[in-house]
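Listed below are the residues making up each chain.
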Amino acid sequence: MSAKLTVDGIEYPLNTEKTLLENLESQAVKVEFHCRDGHCGACRCLLISGQPEYISYPMAYLRDGDVLTCCCTAKDDIKLATYR
Amino acid sequence: MAYTTFSKIPNDALKEPMFFGNPVNVARYDQQRFEVFEKLIEKQLSFFWRPEEIDVSRDRIDFLNLPDHEQHIFISNLKYQTLLDSIQGRSPNIALLPIVSLPELETWIETWSFSETIHSRSYTHILRNLFTDPSEVFEDIVTNEEIQKRASDIAGYYDDLIHATQFMQLHGLKQTETDYINLHGHKETLTLRSLKKKLYLCICSINALEAIRFYVSFACSFAFAERDLLEGNAKIIKLIARDEALHLNSTQQILNLWADGKDDPEMAEIAIECFAEGREIFMQAAEQEKEWAKYLFKDGSMIGLNEEILCQYVEYISNQRMQAIGYEAPFDVKSNPIPWINHWLVSDNVQVAPQEAEISSYLVGQINSKVDSDDLSTFEL
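Cut-off values and rules
- Residues numbered from 1 in each chain as written.
- Chains lettered and ligands numbered in written order.
- Predicted model: local features only at pLDDT ≥ 70, side-chain atom pairs only at ≥ 80, totals over all residues.
- Heavy atoms only, no water.
- Helix = DSSP H or I, 4+ residues; strand = E, 2+ residues; numbered from the N terminus.
- Rg over C-alpha atoms; globule rule 2.2 N^0.38 Å.
- Buried < 20%, exposed > 50% of the residue type's maximum accessible area, 1.4 Å probe, protein only.
- Contact = heavy atoms within 4.5 Å.
- Lys, Arg positive; Asp, Glu negative; His and termini not counted.
- Charge placed at Lys NZ, Arg CZ, Asp CG, Glu CD.
- Axes fitted to C-alpha atoms, helices over the stretch in contact; angles between N-to-C directions.
- Parallel < 35°, antiparallel > 145°, perpendicular 65-115°, else oblique.
- Left-handed = near helix turned anticlockwise from the far one by under 90°.
- Phe/Tyr/Trp six-rings, centres within 6.5 Å; stacked < 30°, edge-to-face > 60°.
- Salt bridge = Lys/Arg side-chain N within 4 Å of Asp/Glu carboxyl O.
- Pairing = 2+ DSSP bridges.
- Expected span 1.5 Å × (residues − 1).
- Polar contact = N/O pair within 3.5 Å; in protein donor to acceptor, adjacent residues only side chain to side chain.

Notes on the overall build of chain A
Reasoning step 1: Check the secondary structure of chain A and you find one helix and seven strands.
Reasoning step 2: Listed N to C, the secondary structure of chain A is β-β-α-β-β-β-β-β in terms of helices and strands.
Reasoning step 3: For chain A, whose C-alpha radius of gyration is 11 Å, the value lies close to the compact-globule estimate of 12 Å for 84 residues.
Reasoning step 4: Principal axes of the C-alpha set define a box for chain A whose edges measure 35 × 25 × 25 Å.
Reasoning step 5: Taking all 84 residues of chain A together, 52% fall into the buried category.
Reasoning step 6: Counting only contacts in chain A whose residues sit at least 6 apart along the sequence, the fraction spanning at least 24 positions is 47%.
Reasoning step 7: Of the side chains in chain A, 9 bear a positive and 12 a negative charge, and the two mean positions are spaced by 5 Å.

Structure representation (structure tokens):
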């Protein structure tokens, strides 16, 4: 059983090696990005469930339940919602 | 209330608010109340660049071949950006350093302002290359009506705060012997709370500046470069945009820390009190930028960009930026009308230039003029 990435209610397979942003892009989900380095906050999404693992320090301001998709991966099922 | 360059109060900087606490004394970075400002300093220092590193010599030919209305777009944007960075290169220092209370935030403000001076220098670098005498362009900045409209709005919040802070630090807040006469010539009762309110609005205005004002010009510069035109300029603007993302991050941090009650509790109250006014500052900035787009394209559009698309982009980016500081998205635009711009905004930090790591053997501008015929012995035609 491979892990799953759920975004706005739609399930996609999750590649645990790639960042969540790269995962979304490889599934042709249109998401915003600017710096891809954790400081601009453009790729911010809402975390519904799951455990993101940051590979670099997320510098943008994160409220409770926010996740910065450009600089984290997930090892297991994760559910997100986009800000729209 | 007078400012002191080295306060002897043995305070604990971890317990100070960001602003209007005790003045900073020891510049120590081993501990931070808000770690993010230390991270921002490190990041900004790692981004260091010099305008002279970028070759803009080809831009002159491209510029001379542009039709008049495109030259107008290009030069007007440079003028506007020169204005913005003239303000940003000094104002955070003058307005915020006298009232800051955390060492990491103090140093961040200095680092931030310094990087804006590099931006200012890069506009001179670009313009010197385009014109034999760039004076006319610079001189127009203080007289051009379209630019002035924006300048007075941006500078207004800074000036209000600076003026009131200077009064407080000179006379204190009692006002029994000396009345405070504000910049508009009216008598005003100054309290610590009203000063904090001025600070809040000033940060809102800076945030709007970094969040959207720059992006209209960025879009135009990158649109030229998408057509392989003025690429030296676009390389410089790319570096500027990378820096601006950090500056924007810091003002978003400050506003959010206040609003979420993680800093001074009085600032959390002010954030609620000024919620509508803060929104209005943003909406006003968006409106002005749309007017600016109209002015840019008054004589005609450029390939890939026109007034309508640029206005949509202003709305789109305003939505994003306003959501980042806790406002509802005010505009209907749901998708980015110029998605190609994002590729110009990637920070590119994976590409490590030799001069970024400390390699002592790396020398700038060195050439070896000794060529022996043996050096070419392995060449085959």
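As for the packing of helix H7 (residues 192–226) of chain B against helix H10 (residues 275–296) of chain B
Residues and elements named next belong to chain B.
Reasoning step 1: In contact at an axis separation of 9 Å, H7 and H10 are set at 25° when each is read in the N-to-C sense. What the angle tells us is that H7 and H10 run roughly parallel. The two elements H7 and H10 cross, and the hand of that crossing is right-handed. Contact with H7, carried on its side by Lys 197, Leu 201, Cys 204, Ser 205, Asn 207, Ala 208, Ala 211, Ile 212, Arg 213, Val 216 and Cys 220, involves Glu 277, Gly 278, Ile 281, Phe 282, Ala 285, Ala 286, Gln 288, Glu 289, Trp 292 and Leu 296 of H10 and no other residues of that element.

Overview of the environment of Val 137 of chain B
Residues and elements named next belong to chain B.
Reasoning step 1: Along the polypeptide, Val 137 turns up in helix H5 (residues 135–141).
Reasoning step 2: Along the backbone, Val 137 and Lys 196 are 59 residues apart, and their C-alpha atoms lie at a distance of 38 Å.
Reasoning step 3: Contact partners of Val 137, with chain neighbours within four places excluded, come to Ile 75, Lys 79, Leu 127 and Phe 131.

A short note on the packing of aromatic side chains
Residue and element names in this part refer to chain B.
Reasoning step 1: Enumeration according to the criterion identifies 16 aromatic pairs over all chains in this entry.
Reasoning step 2: Where Phe 214 meets Phe 218, the ring centres are 5.7 Å apart and the plane angle is 20°; that geometry is what we call stacked. One end of the pair is Phe 214 and the other is Phe 218, both in helix H7 and four residues apart, which spans about a single turn.
Reasoning step 3: Using a relative accessible area of 0% as the deciding quantity, one classes Phe 214 as buried.
Reasoning step 4: A ring pair is formed by Phe 275 and Tyr 327, whose centres lie 4.5 Å apart and whose planes are at 40°; its orientation type is tilted. Here Phe 275, found in helix H10, pairs with Tyr 327, found in the segment after helix H11 (307–324); they are 52 residues apart in sequence, far enough to count as distant.

Some thoughts on the pattern of salt bridges
Residue and element names in this part refer to chain B.
Reasoning step 1: By the definition in use, this model includes 23 salt bridges over all chains.
Reasoning step 2: Note that Glu 35 is salt-bridged to Lys 39, the shortest N-O span being 3.9 Å. With a gap of four residues between them, Glu 35 and Lys 39 both fall in helix H1 (residues 35–46), about one helical turn apart.
Reasoning step 3: The exposure class of Glu 35 is partly exposed, given its relative accessible area of 37%.
Reasoning step 4: Members of the salt-bridge network, linked through shared partners, are Arg 193, Lys 196, Lys 197, Asp 264, Glu 266, Glu 269 and Glu 273.

Concerning the sheet that holds strand E5 (residues 66–68) of chain A
All names here are of chain A.
Reasoning step 1: One open sheet holds the five strands; their spatial order is E2-E1-E7-E3-E5, and the pairing between them is mixed. The sheet terminates laterally at strand E2 (10–13) and E5, the two strands that pair on one side only. Ignoring which end each strand starts from, the neighbouring axes of this sheet average 40° apart.
Reasoning step 2: Relative to strand E7 (residues 78–82), strand E1 (residues 4–7) runs parallel, the two being bridged by three bridges. Bridging from a neighbouring strand, Leu 5 pairs with Ile 78 of E7.

With respect to H10 of chain B
Helical periodicity: at 3.6 residues per turn, an α-helix aligns residues three or four positions apart in one direction.
All names here are of chain B.
Reasoning step 1: Given a rise of 1.5 Å per residue, 22 residues ought to cover 32 Å, and the 32 Å separating the end C-alpha atoms of H10 matches this to within 8%.
Reasoning step 2: Here H10 has its buried residues at Gly 278, Ile 281, Phe 282, Ala 285, Ala 286, Gln 288, Glu 289, Lys 290, Trp 292, Ala 293, Tyr 295 and Leu 296.
Reasoning step 3: Where the residues of H10 are buried, they touch helix H3 (68–96), helix H6 (145–171), H7 and H11.

So, the pairing of E1 of chain A
Residues and elements named next belong to chain A.
Reasoning step 1: As paired strands, E1 and E2 are joined by four bridges and run antiparallel to one another. Paired with Lys 4 across the two strands is Pro 13, which belongs to E2.
Reasoning step 2: From the end of E1 to the start of E2, which pair antiparallel, there are two residues, and Asp 8 there has a positive phi angle of about 50°.

Considering the interface of chain B and chain A
Reasoning step 1: Taken together, the 33 residues of chain B in the interface contact 18 residues of chain A.
Reasoning step 2: Here chain B is connected to chain A by one salt bridge.
Reasoning step 3: Where Lys 43 of chain B meets Asp 37 of chain A, a salt bridge forms, and the shortest distance between an N and an O atom there is 2.7 Å.
Reasoning step 4: Counting the contacts that link chain B with chain A gives 15 residue pairs in polar contact (both at pLDDT 80 or more).

Some details on unusual backbone geometry
All names here are of chain A.
Reasoning step 1: Despite not being glycine, Asp 8 shows a phi value in the positive range, around 50°.
Reasoning step 2: Mapped onto the secondary structure, Asp 8 falls in the loop between E1 and E2.
Reasoning step 3: For Arg 36, which is not a glycine, the phi torsion comes out positive at approximately 55°.
Reasoning step 4: Examined against the element boundaries, Arg 36 turns out to sit in the loop between helix H1 (20–26) and strand E3 (44–49).
Reasoning step 5: Relative accessible area serves as the criterion here: at 28%, Arg 36 is assigned to the partly exposed category.

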